[in-house]
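Spelled out, the chains give:
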Amino acid sequence: LTAVILTCILLVTSCTQNPTTTTDSALPAGSPSPTSPSITVDPNASAYQPSIAVPQPVANYAFTENAQNYFVDAAKGSDETGDGSIDKPFKSIAKAKAFIQPLLANMQSDIVINLRAGTYYLEETLEFTTADSGCNGFDVVYRSYDSEQAVISGGTQITGWTQVDKEKNIWSASANGVISRTFFVNGSRAQRARTALASLVNDPTAGIMKTDASNVLEGMLEHTNGFTSTDMKWADFERQSDMEMVFVWGFHAPRIPIAEIVNQGNCVFFKTTDLAWSVFYDKRAHAYGESFHPFNSLYFIENAYELMDEPGEWYLNRNTDTIYYIPREGEDMTKAEAYMGRLEHLVSGLGSKAELISNIRFDNLAFMHTSWAQAETEEGYVDIQAGFYKGAGPDTVSGIRPSAALEFQYVRNIDFVACTIAHIGNCGLDFSTSTQNVTVASNHVYDISCNGIMLGGNNDSLDYNPRTSQYTLIRSVDNLIIDNTIHNIGAEYYDACGIVRGYTYNTIVAYNTVTDVPYTGMSIGWGWGHGTGDREQTEKKYPDGMFSGNAVLCNRIDNACQILADGGGIYTLGRQDNMLIAGNYITKIGEQGIYLDNGSGNITVRDNVLLDVVRNFVVRGHDNTVVSNYIQEAPYADGIQPEFGGVLSIDYTNCSDALRD
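The model shown is predicted, which means the values in this text are computed figures rather than measured ones.

> Would you mind showing me how to read the overall build of the protein chain here?
When you go through the protein chain residue by residue, the secondary structure sums to six helices and 56 strands. Taking all 661 residues of the protein chain together, 61% fall into the buried category. Across the protein chain, the fraction of contacts at a sequence separation of at least 24, relative to all contacts at a separation of at least 6, is 74%. Accessible surface, the protein chain: about 23,900 Å² in total, of which carbon and sulfur atoms supply 48%.

As structure tokens, then:
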């Protein structure tokens, strides 16, 4: 790994204006719609020249004889006779973790668990506690040995395929008792069998994405607890309660389970679970608005054997424990490597205020194959934003945090370096409440059902404004997300983002590449302004300058907002004192290049390059400065709200081609 010294500019803005409340969806009625900005070029501007060093990524952990080294080999090791030496390795990671626990209190050097090449199938989640922490300033390191590659899998390999329908080329195999939503063949995700996709209808001026589902269902009408269709074939589907409806509306993509399909003579009635439909419509009252209806937001229907008609589609009959699959071109199912996700979590480090977890490093490991069943519950998956979803309880702006394959809270000095996180049925990596001095560097994160990387809690009373006595302990501070490659995010949950950063201090997101995302590339901050979003009210309620000193620097974001609306390449929420968004290269965004949404305050946006975006900027909140970016004429005018105090300063003087290049 080549280490490069990375640098940035830190700017300070002042607070002088007060905004008015706005909604969290489209620009409100009556908002100014200025003509496209008159762009001028500063002939004296040069390429972006940062001046202050950013922490560099941590290099791969070098094998050293000074450390205490133990070895694990999934193929040749033994948990009964192994002693952890290179000649007599353990077989499982759990055994090695338990073996070193008594040694940690007296550490005189790093303790390294070296995983030899191979796949380590987990029977259960690897759970880390304070007893697994490094001590005396040393780290416990879990790494692939030397140049080998260890894969930690929460899946089950599926073999023994036979062709059961020659005409459609459908093959089947035993699912080995696994119940899953994810299936991967030869390193690629398979698609649960579904209908054709509805046509997407976007209105960028209103921040609304809706659908025309006439090619999905004939004669669709909305009713209580579901809807009807004149297409009678659905009444003959064998396992109706396996099926799921997927909707797209604005920045939301709910998934609602079907309870049954009732033949009513001249039509069929798609009845959903009562609880899911209730949550669905309760969310509509809060955010969708009266313009939302199922008939103009249905995107497709999924998960029935009768829908299998395309290569790469699959279906699991849970009653007969049989998985069905149509191979893609070139796939030989007698030789294919096929896996179903089985576990929800691969690694869990859920500390507490009393028992922090610290000084653990994961180096050059691959984490794969999980599944998450939230959408199949009685309440379904009714999203709020950025993977957070609404349960059946009281509605809150914070929502319920989505599940992750790798999950941590109340941690210190935990590093993920040069790892691969792929083929995941929930979010990839999540550090939530009380995350401090964490480094997420040089990882490859892809083929993820929900968000790629999450860092920083989202609870207003806990993470945003902890009581004074708990301030230092609880806040998330001094973290680094740097040099990661993140792509093909939101494979199931389209409201997902490449990076979600919640309530943090002094956290840098820099030099990452985020591509191919259905919604926002990077969602930075939380809170929607906390009530009125007024600066003076916010400062009175939260006088500590919470949520400050962060930066988003020199990232490349490409091909975001592919499906959902009202997002952006970089999207912000909430007051973020002295935050800098600079040096980012943002291209091919289906919505805004940079979007400072409700409550966003005290942010400076400068020296960014925005190309091929639907709208360059939306700026709300208060006391934000947008200056000296490279932009082009966009199809839609920027959404600037000066009457709400959204902009302290905005300048359409373009930087030179040198900055762009």
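> Can you help me understand the sheet that holds strand β26 (residues 338-341) in this one?
Where strands meet in a sheet, backbone hydrogen bonds hold them as pairs that are either parallel or antiparallel. The strand order across the open sheet formed by four strands is β10-β26-β13-β14, and the pairing between neighbours is antiparallel. Of all strands in the sheet, those with a lone pairing partner are β10 (155-158) and β14 (188-189), marking the two edges. Relative to β26, β10 is paired through four bridges, and the arrangement is antiparallel. The partner of Ile158 across the bridge, within β26, is Ala338.

> What am I meant to see in the side chain of Arg194 here?
For Arg194, the position within the fold is in the loop between β15 (191-192) and β16 (199-203). Put simply, Arg194 is tucked away with no salt bridge, and the nearest opposite charge, on Glu313, sits 5.1 Å away. Not counting the four nearest positions on each side in its chain, Arg194 is found in contact with Phe300, Ile301, Glu302, Leu307, Glu313 and Tyr494.

> What am I meant to see in the nonpolar core here?
One broad trend across soluble globular proteins is that nonpolar side chains are buried collectively. Within the largest apolar cluster, 143 residues are counted, with the highest numbers of intra-cluster contacts made by Phe362 and Phe367. When neighbours within four sequence positions are excluded, Phe362 is seen to be in contact with Phe128, Tyr142, Val347, Phe367, Phe408, Ile414, Asp415, Phe416, Val417 and Cys419. Within the second largest apolar cluster, 17 residues are counted, among which are Trp171, Ala173, Ile323 and Met333.

> Just to check I follow, could you spell out unusual backbone geometry for this structure?
When glycine is set aside, most residues are seen to have a negative phi, and most peptide bonds are trans. One non-glycine residue, Ser434, lies in positive phi territory at about 55°. When you line up the elements, Ser434 lands in the loop between β35 (427-431) and β36 (435-436). On the basis of relative accessible area, Ser434 is assigned to the buried category, the value being 0%. Phi is positive for Asp478, which is not a glycine, with a value near 60°. Note on placement: Asp478 falls in the loop between α4 (471-474) and β40 (480-482).

> How should I be thinking about the pairing of strand β29 (residues 365-368) in this particular structure?
In regular strands, side chains alternate between the two faces of the sheet. Burial along β29 is two-sided: the face carrying Leu365 and Phe367 and the face carrying Ala366 and Met368 are both buried. In this sheet, β29 lies alongside strand β9 (residues 150-153) in parallel orientation, the contact comprising four bridges. Residue pairing in the sheet places Ser153 in a bridge with Met368 of β29. As paired strands, β29 and strand β34 (residues 420-424) are joined by three bridges and run parallel to one another. Its bridge partner lying in β34, Ala366 is registered against Thr420.

Reading guide: rules and limits
- Residues numbered from 1 in each chain as written.
- Predicted model: local features only at pLDDT ≥ 70, side-chain atom pairs only at ≥ 80, totals over all residues.
- Heavy atoms only, no water.
- Helix = DSSP H or I, 4+ residues; strand = E, 2+ residues; numbered from the N terminus.
- Buried < 20%, exposed > 50% of the residue type's maximum accessible area, 1.4 Å probe, protein only.
- Contact = heavy atoms within 4.5 Å.
- Areas by Shrake-Rupley, 256 points an atom, 1.4 Å probe, with all protein chains shown as cover.
- Pairing = 2+ DSSP bridges.
- Lys, Arg positive; Asp, Glu negative; His and termini not counted.
- Salt bridge = Lys/Arg side-chain N within 4 Å of Asp/Glu carboxyl O.
- Core = buried A, V, L, I, M, F, W, Y, C linked by side-chain atoms within 4.5 Å.

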